[in-house]
Amino acid sequence: EIYFCFFYLRNMEDFAVANSAYSKMFQNNLKAPTRACIEISTMSSSASLEVRGTSSPFSTLHVQSISEWAPPCIGPYSQASWFDGVLHLCGVIPLWPATSGMVPSTGIRAQTTACMINIKKTIEALPTTFEKLASIHAYVVQSDFVEPMESVIRQYVADETPIFVFPVTALPKG
(Lines give C-alpha, C1' and ligand atoms only; values in the text may rest on other atoms or scores of the structure.)
Protein backbone atom coordinates (compact mmCIF):
# COMPACT_ATOMS: atom_id res chain seq x y z
CA GLU A 1 0.00 0.00 0.00
CA ILE A 2 1.07 3.60 -0.58
CA TYR A 3 2.00 5.41 2.63
CA PHE A 4 3.72 8.60 1.34
CA CYS A 5 3.58 10.77 -1.81
CA PHE A 6 5.76 13.61 -3.02
CA PHE A 7 3.58 15.75 -5.29
CA TYR A 8 5.64 17.97 -7.61
CA LEU A 9 4.09 20.69 -9.77
CA ARG A 10 5.78 22.82 -12.41
CA ASN A 11 3.41 25.66 -11.52
CA MET A 12 1.64 25.91 -8.15
CA GLU A 13 -1.20 27.76 -9.90
CA ASP A 14 -2.18 24.30 -11.19
CA PHE A 15 -2.61 22.99 -7.62
CA ALA A 16 -6.44 22.95 -7.60
CA VAL A 17 -6.68 20.97 -10.86
CA ALA A 18 -3.85 18.61 -9.90
CA ASN A 19 -5.27 18.12 -6.40
CA SER A 20 -8.65 17.22 -7.91
CA ALA A 21 -7.02 14.52 -10.06
CA TYR A 22 -4.97 13.34 -7.08
CA SER A 23 -8.17 13.13 -4.99
CA LYS A 24 -9.67 10.61 -7.40
CA MET A 25 -6.72 8.28 -6.78
CA PHE A 26 -7.28 8.32 -3.01
CA GLN A 27 -11.02 8.19 -2.36
CA ASN A 28 -10.61 6.85 1.19
CA ASN A 29 -9.29 9.94 3.02
CA LEU A 30 -8.90 7.99 6.28
CA LYS A 31 -6.25 5.76 4.68
CA ALA A 32 -4.86 8.36 2.26
CA PRO A 33 -1.07 8.52 2.19
CA THR A 34 0.90 11.26 3.87
CA ARG A 35 1.92 13.91 1.32
CA ALA A 36 4.27 16.81 0.63
CA CYS A 37 3.67 19.16 -2.31
CA ILE A 38 6.18 21.60 -3.83
CA GLU A 39 6.68 23.54 -7.04
CA ILE A 40 9.69 22.74 -9.21
CA SER A 41 9.50 25.23 -12.07
CA THR A 42 12.27 23.50 -14.06
CA MET A 43 10.34 20.23 -14.48
CA SER A 44 9.64 19.17 -18.06
CA SER A 45 6.20 17.76 -17.18
CA SER A 46 3.41 19.76 -15.54
CA ALA A 47 3.12 17.36 -12.60
CA SER A 48 4.90 14.38 -11.14
CA LEU A 49 3.98 12.03 -8.32
CA GLU A 50 6.61 10.05 -6.42
CA VAL A 51 5.06 7.33 -4.26
CA ARG A 52 6.44 5.17 -1.49
CA GLY A 53 4.75 1.95 -0.53
CA THR A 54 5.06 -0.94 1.85
CA SER A 55 3.71 -4.42 2.29
CA SER A 56 3.80 -3.91 6.08
CA PRO A 57 0.60 -2.93 7.86
CA PHE A 58 0.60 0.80 8.63
CA SER A 59 -1.53 3.35 10.44
CA THR A 60 -2.48 6.90 9.55
CA LEU A 61 -3.58 10.03 11.37
CA HIS A 62 -6.10 12.13 9.44
CA VAL A 63 -7.66 15.26 10.96
CA GLN A 64 -10.76 16.07 8.92
CA SER A 65 -12.17 19.14 10.63
CA ILE A 66 -11.11 22.23 12.50
CA SER A 67 -9.61 21.33 15.86
CA GLU A 68 -7.75 23.03 18.68
CA TRP A 69 -4.70 20.77 18.37
CA ALA A 70 -3.87 20.21 14.68
CA PRO A 71 -4.80 21.86 11.41
CA PRO A 72 -7.08 19.82 9.16
CA CYS A 73 -5.76 18.40 5.93
CA ILE A 74 -6.30 20.74 2.97
CA GLY A 75 -6.45 17.81 0.60
CA PRO A 76 -6.81 14.04 0.42
CA TYR A 77 -3.85 13.05 2.58
CA SER A 78 -3.04 12.10 6.16
CA GLN A 79 -1.02 14.14 8.65
CA ALA A 80 1.06 11.10 9.47
CA SER A 81 1.63 7.49 8.57
CA TRP A 82 3.73 5.02 10.52
CA PHE A 83 4.82 1.43 10.37
CA ASP A 84 7.73 -0.65 11.63
CA GLY A 85 8.51 2.11 14.13
CA VAL A 86 9.02 4.76 11.41
CA LEU A 87 6.94 7.95 11.32
CA HIS A 88 6.29 9.95 8.14
CA LEU A 89 4.73 13.39 8.55
CA CYS A 90 2.98 15.34 5.82
CA GLY A 91 4.16 18.66 4.51
CA VAL A 92 3.17 21.32 7.04
CA ILE A 93 2.26 24.92 6.29
CA PRO A 94 1.72 27.61 8.92
CA LEU A 95 -2.00 27.20 9.65
CA TRP A 96 -3.75 28.06 12.90
CA PRO A 97 -5.56 24.84 13.89
CA ALA A 98 -8.64 26.53 15.35
CA THR A 99 -9.41 28.49 12.17
CA SER A 100 -7.46 26.76 9.37
CA GLY A 101 -6.31 30.25 8.45
CA MET A 102 -2.73 31.03 7.53
CA VAL A 103 -0.48 32.54 10.18
CA PRO A 104 -0.15 36.24 9.30
CA SER A 105 2.98 36.94 7.28
CA THR A 106 5.00 38.14 10.26
CA GLY A 107 8.21 36.56 9.05
CA ILE A 108 9.80 33.20 8.50
CA ARG A 109 10.59 32.65 12.19
CA ALA A 110 6.93 33.06 13.23
CA GLN A 111 5.74 30.87 10.36
CA THR A 112 8.30 28.16 11.13
CA THR A 113 7.35 28.28 14.82
CA ALA A 114 3.68 27.77 13.87
CA CYS A 115 4.67 24.77 11.72
CA MET A 116 6.77 23.27 14.51
CA ILE A 117 3.96 23.72 17.05
CA ASN A 118 1.61 21.90 14.65
CA ILE A 119 4.17 19.13 14.20
CA LYS A 120 4.66 18.89 17.98
CA LYS A 121 0.90 18.54 18.54
CA THR A 122 0.70 15.86 15.83
CA ILE A 123 3.62 13.92 17.30
CA GLU A 124 2.04 14.10 20.77
CA ALA A 125 -0.99 12.23 19.37
CA LEU A 126 1.22 9.42 18.04
CA PRO A 127 3.34 6.65 19.55
CA THR A 128 6.61 8.60 19.17
CA THR A 129 8.49 11.72 20.27
CA PHE A 130 10.60 14.49 18.71
CA GLU A 131 13.68 12.73 20.05
CA LYS A 132 13.03 9.80 17.69
CA LEU A 133 12.90 11.87 14.50
CA ALA A 134 15.44 10.59 11.97
CA SER A 135 15.56 13.88 10.05
CA ILE A 136 13.60 16.99 9.12
CA HIS A 137 13.13 18.04 5.50
CA ALA A 138 11.78 21.55 5.02
CA TYR A 139 11.08 23.79 2.05
CA VAL A 140 11.30 27.57 1.74
CA VAL A 141 10.53 29.96 -1.10
CA GLN A 142 13.49 32.25 -0.47
CA SER A 143 17.07 31.05 0.01
CA ASP A 144 17.69 33.69 2.70
CA PHE A 145 15.03 31.89 4.81
CA VAL A 146 17.18 28.74 5.15
CA GLU A 147 19.22 29.83 8.21
CA PRO A 148 16.34 31.34 10.21
CA MET A 149 14.18 28.28 9.51
CA GLU A 150 16.96 25.90 10.59
CA SER A 151 17.46 27.98 13.75
CA VAL A 152 13.79 27.68 14.77
CA ILE A 153 13.60 23.96 13.92
CA ARG A 154 16.74 23.29 15.97
CA GLN A 155 14.91 24.56 19.08
CA TYR A 156 12.52 21.59 18.77
CA VAL A 157 14.76 18.69 17.72
CA ALA A 158 17.81 16.95 19.15
CA ASP A 159 21.21 18.33 18.20
CA GLU A 160 22.06 15.17 16.26
CA THR A 161 18.86 15.29 14.16
CA PRO A 162 19.80 16.31 10.61
CA ILE A 163 17.83 19.27 9.22
CA PHE A 164 17.61 19.72 5.45
CA VAL A 165 16.09 22.96 4.16
CA PHE A 166 15.55 23.23 0.42
CA PRO A 167 14.66 26.43 -1.45
CA VAL A 168 11.80 25.87 -3.94
CA THR A 169 9.88 28.24 -6.20
CA ALA A 170 6.46 27.84 -4.55
CA LEU A 171 4.49 26.01 -1.86
CA PRO A 172 0.73 25.41 -1.45
CA LYS A 173 -1.09 28.45 -0.03
CA GLY A 174 1.97 30.62 -0.80
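Our structure is the block above this text.
This section reports on the structure supplied with the text. Predicted model, so just to flag it, every value in this text is computed and none were measured.

**Notes on the side chain of Thr34**
Here is step 1: By secondary structure assignment, the location of Thr34 is in strand β2 (residues 34–39).
Here is step 2: Judged by its relative accessible area of 0%, Thr34 is buried.
Here is step 3: Apart from the residues lying within four places of it in its own chain, the contact partners of Thr34 are Tyr3, Phe4, Cys5, Ser78, Gln79, Ala80, Ser81, His88, Leu89 and Cys90.

**Notes on the nonpolar core**
Here is step 1: One finds Phe130, Met149, Ile153, Val157 and Val165 to be the most contacted residues of the largest nonpolar core, which totals 15 residues.
Here is step 2: Only α2 (108–124), β7 (136–140), α3 (146–154) and β8 (163–167) provide two or more residues apiece to this core.
Here is step 3: Among the elements that line this core, the one with the most residues is α2, at four residues.
Here is step 4: For Ile153, the contacting residues outside a window of four places in its chain are Thr112, Met116, Ile136, Ala138 and Ile163.

**Considerations on α2**
Residues three or four positions apart in an α-helix share a direction because the helix packs 3.6 residues into each turn.
Here is step 1: When the terminal C-alpha atoms of α2 are compared, their 24 Å separation across 17 residues agrees well with the 24 Å that a helix rising 1.5 Å per residue should span.
Here is step 2: Within α2, burial applies to Ile108, Gln111, Thr112, Ala114, Cys115, Met116, Asn118, Ile119, Thr122 and Ile123.
Here is step 3: Against β4 (59–61), β5 (80–83), β6 (86–89) and α3 lie the buried residues of α2.

**A short note on the sheet that holds β4**
Here is step 1: Read from one edge of the open sheet, three strands run β4-β5-β6, paired in antiparallel fashion. Every other strand in the sheet has two partners, leaving β4 and β6 as the edge strands with one partner each. Averaged over all pairs of adjacent strands, the angle between their axes in this sheet comes to 20°, without regard to strand direction.
Here is step 2: Here β5 pairs with β6 via four bridges, running antiparallel. Note on β6: the bridge partner recorded for Trp82 is Leu87.
Here is step 3: Sheet strands in contact with α2 are β4, β5 and β6, and its direction is about 140° off that of β6.

**Some words on α3**
Here is step 1: For α3, the complete set of buried residues consists of Val146, Pro148, Met149, Val152 and Ile153.
Here is step 2: Buried residues in α3 make contact with α2, β7 and β8.

**Some points on the environment of Trp82**
Here is step 1: Along the chain, Trp82 falls in strand β5.
Here is step 2: Setting aside residues up to four positions removed in sequence, Trp82 forms contacts with Phe58, Ser59, Thr60, Leu61, Leu87, Leu126 and Pro127.

**Considering the pairing of β2**
Here is step 1: The element β2 is largely enclosed, with a buried count of six among its six residues.
Here is step 2: By the alternation rule, side chains of β2 split into Thr34, Ala36 and Ile38 and Arg35, Cys37 and Glu39, which are all buried.
Here is step 3: Examined bridge by bridge, strand β1 (residues 2–9) and β2 share six bridges and lie parallel to one another. Within β2, the residue paired with Phe7 across the bridge is Cys37.

**Details of the packing of aromatic side chains**
Here is step 1: If you walk through the whole model with that rule in mind, you get five aromatic pairs.
Here is step 2: Seen from their ring centres, Phe6 and Tyr8 are 6.1 Å apart, and the 5° between their planes marks the pair as stacked.
Here is step 3: On the basis of relative accessibility, which here comes to 14%, the residue Phe6 falls in the buried class.
Here is step 4: Joined through ring pairs, the aromatic side chains of Phe4, Phe6 and Tyr8 make up one cluster.
Here is step 5: Just above the ring of Tyr22 sits the side chain of Arg35; from NZ or CZ to the centre is 4.6 Å.

Here is what the cut-offs are and how they apply
- Residues numbered from 1 in each chain as written.
- Predicted model: local features only at pLDDT ≥ 70, side-chain atom pairs only at ≥ 80, totals over all residues.
- Heavy atoms only, no water.
- Helix = DSSP H or I, 4+ residues; strand = E, 2+ residues; numbered from the N terminus.
- Buried < 20%, exposed > 50% of the residue type's maximum accessible area, 1.4 Å probe, protein only.
- Contact = heavy atoms within 4.5 Å.
- Core = buried A, V, L, I, M, F, W, Y, C linked by side-chain atoms within 4.5 Å.
- Expected span 1.5 Å × (residues − 1).
- Pairing = 2+ DSSP bridges.
- Axes fitted to C-alpha atoms, helices over the stretch in contact; angles between N-to-C directions.
- Phe/Tyr/Trp six-rings, centres within 6.5 Å; stacked < 30°, edge-to-face > 60°.
- Lys NZ or Arg CZ within 6 Å of the ring centre and 35° of its normal.

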